[in-house]
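Chain by chain, the residues:
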Amino acid sequence: MSFDKNEQTIGSGGIIALTLLRILIGWHFLYEGFYKLAQESWTAKPVLNGSKWIMNGVYSWIADSPSMLSFVDSLNMYGMVILGFGLILGVFTRWLALGGAVLLLLFYLINPPLPGLYYTTPTEGHYLIVNKNLIEMMALVALVFIPTGKFFGLDRFLYAFLKKS
Amino acid sequence: MENEKQESKEEEKKGSLNLSRRDIVQGLATVPFLGMFGWSWAKKDGPDTSASGPVIETPKEFTGKELNVAMLGMGAQGQVLLNSCLRIPGLKFKAVCDIWTDLNLKRAVNLLTKYGHEVTGYEDYREMLENEKDLDAVIIATPDFWHAEHTIAFLEAGVHVYCEKEMSNTIEGARSMVDAQKRTGKLLQIGHQRRSNPRYIHCKKKLLEEADILGRITTINGQWNRGVQPDLGWPKRYELSQEKLEKYGFETMHEFRNWRWYKGLGGGPIVDLGSHQIDIYNWFLDSKPVSVMASGGVDYYEKDTHEWYDSIIALFEYQTEKGTVRASYQTITTNSSEGYFEKFMGDQGTLSISESANKSGVYREVSAPPWDEWVNKGYLSKPEKKETPAAGEGAVVDVRETASPESHTIPVELNDPYHQPHLQNFFDAIRGEAELNCPAEDGYETAVTVLKVNEAVEKGITVKFNPEEYVI
Ligand SMILES: NC(=O)c1ccc[n+]([C@@H]2O[C@H](COP(=O)([O-])OP(=O)(O)OC[C@H]3O[C@@H](n4cnc5c(N)ncnc54)[C@H](O)[C@@H]3O)[C@@H](O)[C@H]2O)c1
């Protein structure tokens, strides 16, 4: 599969639109990360404790283990900041998109809106199986396959370097 | 040499990334988004209204004229006012007067001496007036039934007067005070101190007048609920002689201490407590009620020592420029639930305010236009999401659909004692640097409004206010 063919199939408008999609998702990650960092005592603990469905056991175990929890907390905060910077700047785009998608899947699994599961923490909007985490995850999956960083982003320099060698 | 150079250049070309201008532009094309992010991150919190510091500064460096001040009535409130005055620069205390010479007078003289003021103590205010010829101002905190006589005497002697609320225990008394003020041209400030409280001023001037944040105000509701309190006692060795008590209008020591509860001396809780808040109704609405009905009685305390009603629930009707406003007010003295506050309700929002800061809040009706402009101007704090109470198993709570009103706080705080700004305003007005915040006419209107509540209870009727009653 060649990149030129992609360009032909999705066109330059498509590339620009997908680049913007990448930037918006990056922005979202960056803000979530910074926001948590700015809050001195942020922790995923309450969210993890409220987890339901198949990941319940693992998440509760993390929440109850102080060392695991602080590891997961920092991974979360710094991970999101790195993802944010990377996606906006378009560096290692495909790898970061993959990482972001995995992270979002993990978020989704904390409290998936499946029929038969009831949550007491309020959410905005109404969801059945599909929620915004899932949609954002799928958007990142798409960006794994479409290397927008090659067109707009620092990856362009990377590709030039790889091409040379 | 030449060849070598040529070759290395070629090599360089091979080894370099061979980037075109287009490559560079596209490669860096998304960097500005980071700049945008940084900019909005810095902006996102808006003005800092974390309410730790006062938005309105009260302390002022003193440069003006030093004023000669006397105080009359050094009981509980006299001491509170004195403590506030001691924080205000530019005052020179010359004299204090109180009939309880061994206790309250002595205490005040001692305190002032400690602060370096050379004061003379008097039992009789007439003696004070005779001896102190260079007074600029007097602060009066005697029981309500003395206010008219004391105030008029000082105004006529050419002294500016700060008189505690209630202006008088009778409408005639209050009226004669306004007359005296007009006749003498001296300043008369009535002690409704909320009128100088920066938080109340902010609500009145910014939120109500400028932002018109509540829309059409239709309803007010306010209260002062106070828990059971024992009658005030006195140390036996400082008991006043019967002769002295009677000379100053009291029949017993109990009356002297608990004058508030006696007809002819005070006005009971509605006058003592209610008047502060009903004053705010009138002020915020720029209006006076057209009628009042009220239910009340001496339901709990001993009737022979509590002549005035210990519980009252009053309903006022206002006809404002924007339409009818109905206001309820209750004061009870047997239960302190939720303390004291005034709550103004309009079709666009609610303003709840109290002299005690932690009770204030502004709430936007869901249907009202957004208030972001006022948040950005620093008039309101950022909205807080009201925690929706956790629902039981099986209920999915959705804040978007069942949103309770957004809650804001008022980003202006008074960090000084409650009465200090009002006293400061009085002294500033004497120096010609300010207008009085509660001049005689305003105090009079409130006195009429409040005293009529007792009349409504007494007669068991709806009392209509005669507009002429307000006019002097
Ligand atoms: N603005 C407020 O927040 C506030 C609060 C409390 C009281 N007040 C007002 O302050 C005034 C005093 O209330 P208080 O609680 O201090 O009462 P109080 O009984 O504690 O004090 C009254 C003082 O006046 C003295 N006194 C009585 N008759 C006198 C006279 N003829 N000449 C000189 N001194 C005389 C008494 O000896 C006593 O020391 C009242 O009008 C009251 O409504 C206002």
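In this numbering scheme, every chain counts its residues from 1 along its sequence in written order. Chains and ligands are labelled by the order in which they are written, letters from A for the one and numbers from 1 for the other. For this predicted model, a pLDDT threshold of at least 70 governs which residues receive local features, and a threshold of 80 or more governs which side-chain atom pairs are given and counted, while totals over whole chains, interfaces and linings are taken from all residues.

*Asks:* Lay out the overall build of chain B in plain terms, naming residues and giving numbers.
*Replies:* A tally of helices and strands in chain B yields 16 helices and 15 strands. Contact definition: two residues whose C-beta atoms, as placed from backbone geometry, lie within 7 Å. Restricting to contacts in chain B with at least 6 residues of sequence separation, those with at least 24 account for 73%. A run of H or I in DSSP counts as a helix once it spans at least four residues, and a run of E counts as a strand once it spans at least two, with each numbered from the N terminus.

*Asks:* I'd love a proper account of the pairing of strand 8 (residues 289-297) of chain B, names of residues and values included.
*Replies:* All names here are of chain B. A pair of strands is considered paired only if DSSP assigns at least 2 bridges between the two. As paired strands, strand 8 and strand 9 (residues 311-320) are joined by 8 bridges and run antiparallel to one another. Residue Ser291 lies in a different strand from strand 9, and its bridge partner there is Glu317. Bridge count between strand 8 and strand 15 (residues 463-464): 2 bridges; the pairing is antiparallel. Its bridge partner being in strand 15, Ser291 is matched across the sheet by Lys464.

*Asks:* Just give me the short version of the pairing of strand 5 (residues 160-163) of chain B, but keep the residues and values in it.
*Replies:* Residues and elements named next belong to chain B. Exposure in this text rests on C-beta crowding, where 20 or more other C-beta atoms within 10 Å of a residue's own make it buried, 12 or fewer make it exposed, and counts in between make it partly exposed. The C-beta atoms are placed from the backbone. The alternating pattern of strand 5 places His160 and Tyr162 and Val161 and Cys163 on opposite faces, both of which are buried. Sheet topology note: the strand 4 (residues 137-140)/strand 5 ladder contains 4 bridges and is parallel. In the strand pairing of strand 5, Ala137 is matched with His160. Orient the strands so they point away from the viewer; a crossover is then right-handed if the path from the first strand over the helix to the second runs clockwise. Read from strand 4 through helix 7 (residues 147-156) to strand 5, the crossover connection turns out right-handed. For the handedness criterion, the β-α-β arrangement of strand 5, helix 8 (residues 171-184) and strand 6 (residues 188-190) is classed as right-handed.

*Asks:* I'd like to hear about the environment of B:Asp428, residue by residue, with values.
*Replies:* Residue and element names in this part refer to chain B. Examined against the element boundaries, Asp428 turns out to sit in helix 14 (residues 420-430). Judged by the 20 C-beta atoms lying within 10 Å of it, Asp428 is buried. Note: C-alpha distance between Asp428 and Gly64 (364 residues apart in sequence) is 9.3 Å. The residues contacting Asp428, other than those within four sequence positions of it, are Glu433 and Ala434.

*Asks:* Talk me through the site of the ligand; I want residue IDs and the actual numbers.
*Replies:* Residues and elements named next belong to chain B. The criterion for a residue being near a molecule or strand is simple: its C-beta atom, placed using the backbone, must lie within 6 Å of it. The ligand sits among 25 residues. The nearest are Gly73, Gly75, Gln77, Trp100 and Glu164. The element contributing the most residues to the shell around the ligand is helix 4 (residues 76-85), with 3 residues. Polar here means any residue outside two lists: the nonpolar Ala, Val, Leu, Ile, Met, Phe, Trp, Tyr, Cys and Pro, and the charged Asp, Glu, Lys and Arg; Gly therefore counts as polar. Within the shell around the ligand, the residues separate by chemical class into 11 nonpolar, 8 polar and 6 charged.

*Asks:* Go over the sheet that holds strand 1 (residues 67-72) of chain B, please, and point to the residues and values.
*Replies:* All names here are of chain B. What the 6 strands build is an open sheet, ordered 3-2-1-4-5-6; its pairing is parallel. Sheet topology places strand 3 (120-122) and strand 6 at the edges, where each strand pairs with a single neighbour. In this sheet, neighbouring strand axes are inclined to one another by 20° on average, regardless of whether the strands run parallel or antiparallel. Comment: axis = line fitted to C-alpha atoms, over the contacting stretch for helices; angle = value between 0 and 180 degrees taken between N-to-C directions.

*Asks:* Residue-level account of unusual backbone geometry, with values.
*Replies:* Residues and elements named next belong to chain B. Here the residue pair Lys165 and Glu166 is connected by a cis peptide bond, since its omega of -15° sits within 30 degrees of zero. Mapped onto the elements, Glu166 comes out in the loop between strand 5 and helix 8. In this structure, Asp212 is a non-glycine residue whose phi angle is positive, near 45°. Turning to its location among the elements, Asp212 is positioned in the loop between helix 9 (198-210) and strand 7 (217-225). Positive phi is not limited to glycine here, since Asp286 has a value of about 55°. Relative to the elements of secondary structure, Asp286 occurs in the loop between helix 12 (269-285) and strand 8. Looking at Asp286, the number of C-beta atoms within 10 Å reads 12, which means it is exposed.

*Asks:* Please give an account of helix 3 (residues 31-43) of chain B that cites residues and values.
*Replies:* Helix span is expected to be 1.5 Å times the residue number reduced by one. Across its 13 residues, helix 3 of chain B extends 19 Å between first and last C-alpha, which sits within 8% of the 18 Å expected from 1.5 Å per residue. Among the 13 residues that make up helix 3 of chain B, 1 are buried, leaving the element largely open to the surroundings.

*Asks:* Please provide a residue-by-residue account of helix 15 (residues 440-459) of chain B, values included.
*Replies:* All names here are of chain B. Here helix 15 spans 28 Å end to end across 20 residues, near enough to the 28 Å set by a 1.5 Å rise per residue. Helix 15 sits mainly inside the fold: 15 of its 20 residues count as buried. Where helix 15 ends, the next residue or the one after it, Gly460, has phi of about 60°, a positive value.

*Asks:* Would you mind going over the environment of B:Pro32 in detail, with residue names and values included?
*Replies:* Mapped onto the elements of the fold, B:Pro32 is located in helix 3. In this structure, the C-alpha to C-alpha distance between B:Pro32 and B:Arg199, residues 167 residues apart in sequence, is 43 Å.

*Asks:* How would you explain the sheet that holds strand 11 (residues 340-346) of chain B if you had to name every residue and give the values?
*Replies:* Hydrogen bonds between backbone atoms are what pair the strands of a sheet, whose relative direction is either parallel or antiparallel. Residues and elements named next belong to chain B. Pairing is mixed in the open sheet, where 9 strands are placed in the order 14-13-12-11-7-10-9-8-15. The sheet is open, and its two edges are formed by strand 14 (406-408) and strand 15, each paired on a single side. The strands touched by helix 12 within the sheet are strand 7, strand 9, strand 10 (323-332) and strand 11, with strand 10 carrying the most contacts at an inclination of about 160°. Along the sheet, helix 15 contacts strand 8, strand 9 and strand 15; its crossing angle with strand 8, the most-contacted strand, is approximately 50°.

*Asks:* Describe the packing of helix 5 (residues 93-110) of chain A against helix 6 (residues 132-145) of chain A, and please don't skip the residues or the numbers.
*Replies:* Residues and elements named next belong to chain A. One way to put it is that helix 5 packs onto helix 6 with a least axis distance of 8 Å and a crossing angle of 160°. One finds that helix 5 runs roughly antiparallel with respect to helix 6. Classified by chirality, the crossing of helix 6 by helix 5 is left-handed. Here helix 5 contributes Thr93, Arg94, Ala97, Leu98, Gly100, Ala101, Leu104, Leu105, Phe107 and Tyr108 to the contact with helix 6, which in turn contributes Asn133, Leu134, Glu136, Met137, Leu140, Val141, Leu143 and Val144. Among the residues forming the contact of helix 5 with helix 6, the class breakdown is 13 nonpolar, 3 polar and 2 charged. By the definition adopted for this analysis, an angle is roughly parallel if under 35 degrees, roughly antiparallel if over 145, roughly perpendicular if from 65 to 115, and oblique otherwise. The sense of a crossing depends on the near helix, which, turned anticlockwise from the far helix by less than a right angle, makes the crossing left-handed and, turned clockwise, makes it right-handed.

*Asks:* Quick one: what's the story with the domain arrangement of chain B, residue by residue and with numbers?
*Replies:* Often the size quoted for an interface is simply the accessible area lost on bringing the parts together. Residues and elements named next belong to chain B. Domain extents, as shown, originate in an automatic or database domain assignment. The domains assigned to chain B are domain 1 (67-194) and domain 2 (196-233 + 259-384 + 403-417 + 439-470). Between the C-alpha centres of domain 1 and domain 2 there is a distance of 27 Å. Each partner contributes residues to the interface: domain 1 has 23 residues there, and domain 2 has 27 residues. For the side of domain 1 that touches domain 2, the leading source of residues is helix 8, giving 6 residues. Grouping the amino acids of the side of domain 1 that touches domain 2 by side-chain chemistry returns 9 nonpolar, 8 polar and 6 charged.

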